[in-house]
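# Breakdown of the fold
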Amino acid sequence: MLPVDMYIGGVEHAVLHLLYSRFYTKFLYDIGVVDFDEPFHKLFNQGMITGKNGIKMSKSKGNVIYADDLVDMFGVDAVRYFVLHEMPFENDGVITWELMVERMNSDLANTLGNLVNRTIAMSNKYFGGVVNKTGVEDAAIDGDLKAVVTATRDKVQAKMATLHVADAITEVFTLFKRCNKYIDETMPWALAKDEAQQDRLAEVLYNLVESITIGANLLKSFMPETTDKILAQLYPANPEAGVRDFDDLATFGLRETGLKVTETPEILFARLDFEKD
C-alpha cells in the first residue's frame, strides 16, 4: 500500500522507478483517487556489485560471477556474509574469487570459526564439556569483555536503522574479535596448569560461551545457518536453550550453569587455498 516507508532500488533503475511512480501518484492525487501526492517517504539507491577493479560485470566481458557457483564453492552463509559486508552504504561493492577466499579465511574461518572451535575444545579438555559459572572474576578484563558484548546489540540496531548493513555485521564481528583477545588475555592453557585457578578457568570459559551465544544470536539475521550450527554445538542437548530474545541480548549471564557443549565440534568454515581450490 502507498505511500511506502522506504523504496530501495538498484542504482540503474531507481531514477526511472521514482519518476514513473511520482508521475502516476501525482495524477491519481489530482483526480482525487488517493489522498497523498508522494509515493515514498524515503528513497534509497543501492550500489552495484562489480567485478575485479570495479569493472561492471557483463557476459560480453566474461567477468560475470554467478551466485550458484559461489554457493557451491563457499556455502550460502559465506556468500551472504560477503555480499552484505562488502557492499558499503550507497556505494558499489567489488566481488572476486580472490576476495571471497580472503574473507573466508580471515573473517569466517579464523575470527569466528576458530573462536568457536577453540572454546569448545578447551571446555571438553579441561572440564569434560561442562560449562560452569563460578563467579571468580578479574574485574578489569572480564568487565571490559562484558561491556563490549552487551553494547553490541544497540550498536547493531542503530546501524540497521539507517540501513548500514555492512557496519552492523562489522559490529558483530568486533564482538567475536574481542572474544579472541580475551583468550589471549586470560590464557586458559596457563590457568589449567594451576590447580588453584580451576574456578577462574571455568569462569573464563563460561564467559566465552556466553559471549559467543550473544554474538551468534545477533548474527542470525545475516547468517542464519551459521547461528543454528553454533547454538547446536554450544547447547547440544537443546539448541533452543541458546536462542535469545532481542531484548535479552544486552544482558550477560543468562546461560544456565552446568550445561555441556558438544563432544564433537564441527568446523564452521574451512580455510581455503585460492591456488588449489
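Attention in this report is confined to the structure presented alongside it. (Residues numbered from 1 in each chain as written. Predicted model: local features only at pLDDT ≥ 70, side-chain atom pairs only at ≥ 80, totals over all residues. Heavy atoms only, no water.)

### Notes on the nonpolar core
- If you look at the biggest cluster of nonpolar residues, it comprises 56 residues, and the most contacted ones within it are F74, L112 and F269.
- Of all the secondary structure elements, the ones that give two or more residues to this core are α2 (67-74), α3 (76-85), α4 (97-127), α5 (139-161), α6 (165-186), α8 (198-219) and α9 (224-234).
- The dominant element in this core, judged by the number of residues it contributes, is α8, at 11 residues.
- Not counting residues within four places of it along the chain, the set of residues in contact with L112 comprises D107, F173, F176, L219, T226, I230, L268 and F269. (Core = buried A, V, L, I, M, F, W, Y, C linked by side-chain atoms within 4.5 Å. Buried < 20%, exposed > 50% of the residue type's maximum accessible area, 1.4 Å probe, protein only. Helix = DSSP H or I, 4+ residues; strand = E, 2+ residues; numbered from the N terminus. Contact = heavy atoms within 4.5 Å.)

### Some remarks on a nonpolar patch on the surface
- The grouping of Y20, F23, Y24, F27, L28, I31 and V33 at the surface amounts to a nonpolar patch, some 760 Å² of accessible area in total.
- For Y20, the position within the fold is in helix α1 (residues 14-30). (Patch = residues over 30% accessible without salt bridge, like charges linked within 9 Å, V, L, I, M, F, W, Y side chains within 5 Å. Areas by Shrake-Rupley, 256 points an atom, 1.4 Å probe, with all protein chains shown as cover. Salt bridge = Lys/Arg side-chain N within 4 Å of Asp/Glu carboxyl O.)

### Details of the layout of surface pockets
- Estimates place the volume of the largest pocket at around 310 Å³.
- Lining the largest pocket are 18 residues, and of these Q46, L84, M87, L163 and V165 sit closest to its centre.
- Elements supplying a minimum of two residues to the lining of the largest pocket: β2 (40-46), α3 and α6.
- Tallied by class, residues from the lining of the largest pocket come to 11 nonpolar, five polar and two charged. (1 Å grid on protein atoms, 1.4 Å probe; cavity = no way out; pocket = protein on both sides within 12 Å on 5 of 7 lines; lining within 4 Å. Points joined across faces, edges and corners; volume = space filled by probe spheres on them. Nonpolar A, V, L, I, M, F, W, Y, C, P; charged D, E, K, R; others polar.)

### Some thoughts on empty space enclosed by the protein
- If you walk through the whole model with that rule in mind, you get one cavity of 30 Å³ or more.
- Taken as a whole, the largest cavity encloses approximately 40 Å³ of empty space.
- Broken down by secondary-structure element, the contributors of at least two residues to the lining of the largest cavity are α3 and β4 (93-94).
- Grouping the constituent residues of the lining of the largest cavity by class yields six nonpolar, one polar and one charged.

### So, unusual backbone geometry
- A positive phi angle, near 65 degrees, is found at L163, a position not held by glycine.
- As for its position among the elements, L163 is in the loop between α5 and α6.
- The exposure class of L163 is partly exposed, given its relative accessible area of 25%.
- We note that M187 has phi near 50 degrees; this positive angle belongs to a residue other than glycine.
- Here M187 falls in the partly exposed class, since its relative accessible area comes to 38%.

### Comments concerning the pattern of salt bridges
- Under the defined criterion, the tally for this structure stands at 14 salt bridges.
- Close ionic contact of D77 with R80 constitutes a salt bridge, the shortest N to O distance being 2.4 Å. Here the residue D77 and the residue R80 both occupy positions in helix α3, the gap between them amounting to three residues, near one helical turn.
- Salt bridges sharing partners connect three or more residues here, namely E86, E102, R103 and D107.

### A look at α8
- In a regular helix each residue adds 1.5 Å, so 22 residues correspond to 32 Å; α8 covers 31 Å between its end C-alpha atoms and thus fits that length.
- Counting buried positions along α8 yields 21 of 22 residues, so the element is predominantly enclosed. (Expected span 1.5 Å × (residues − 1).)

### Overview of the packing of aromatic side chains
- For the coordinates displayed, the defined rule picks out four aromatic pairs.
- Judged by centre distance (5.2 Å) and plane angle (80 degrees), the rings of F23 and Y24 are edge-to-face.
- For F23, a relative accessible area of 54% corresponds to the exposed category.
- Three or more aromatic residues joined by ring pairs make a cluster, and in this case those are Y81, F173 and F176.
- Positioned over the ring face of Y235 is R255, at 4.4 Å from the centre of the ring. (Phe/Tyr/Trp six-rings, centres within 6.5 Å; stacked < 30°, edge-to-face > 60°. Lys NZ or Arg CZ within 6 Å of the ring centre and 35° of its normal.)

### A few points about the environment of N53
- Here N53 is to be found in the loop between β3 (49-50) and α2.
- For N53, a relative accessible area of 70% gives the class exposed.
- In this structure, the C-alpha to C-alpha distance between N53 and A190, residues 137 residues apart in sequence, is 47 Å.

### With respect to the packing of α2 against α4
- Packing of α2 against α4 brings their axes to within 12 Å, and their N-to-C directions diverge by 35 degrees. Handedness of the crossing formed by α2 with α4: right-handed. Within the contact between the two elements, α2 uses D69, L70, M73 and F74 and α4 uses W97, M100, V101 and M104. (Axes fitted to C-alpha atoms, helices over the stretch in contact; angles between N-to-C directions. Left-handed = near helix turned anticlockwise from the far one by under 90°.)

### Observations concerning the packing of α3 against α6
- Two numbers describe how α3 lies on α6: the axes approach to 8 Å, and their chain directions differ by 120 degrees. The orientation of α3 relative to α6 falls into the category oblique. Where α3 abuts α6, its residues Y81, L84 and H85 lie against V165, A166, I169, T170 and F173.
- Its residues assigned to classes, the contact of α3 with α6 shows six nonpolar, two polar and no charged. (Parallel < 35°, antiparallel > 145°, perpendicular 65-115°, else oblique.)

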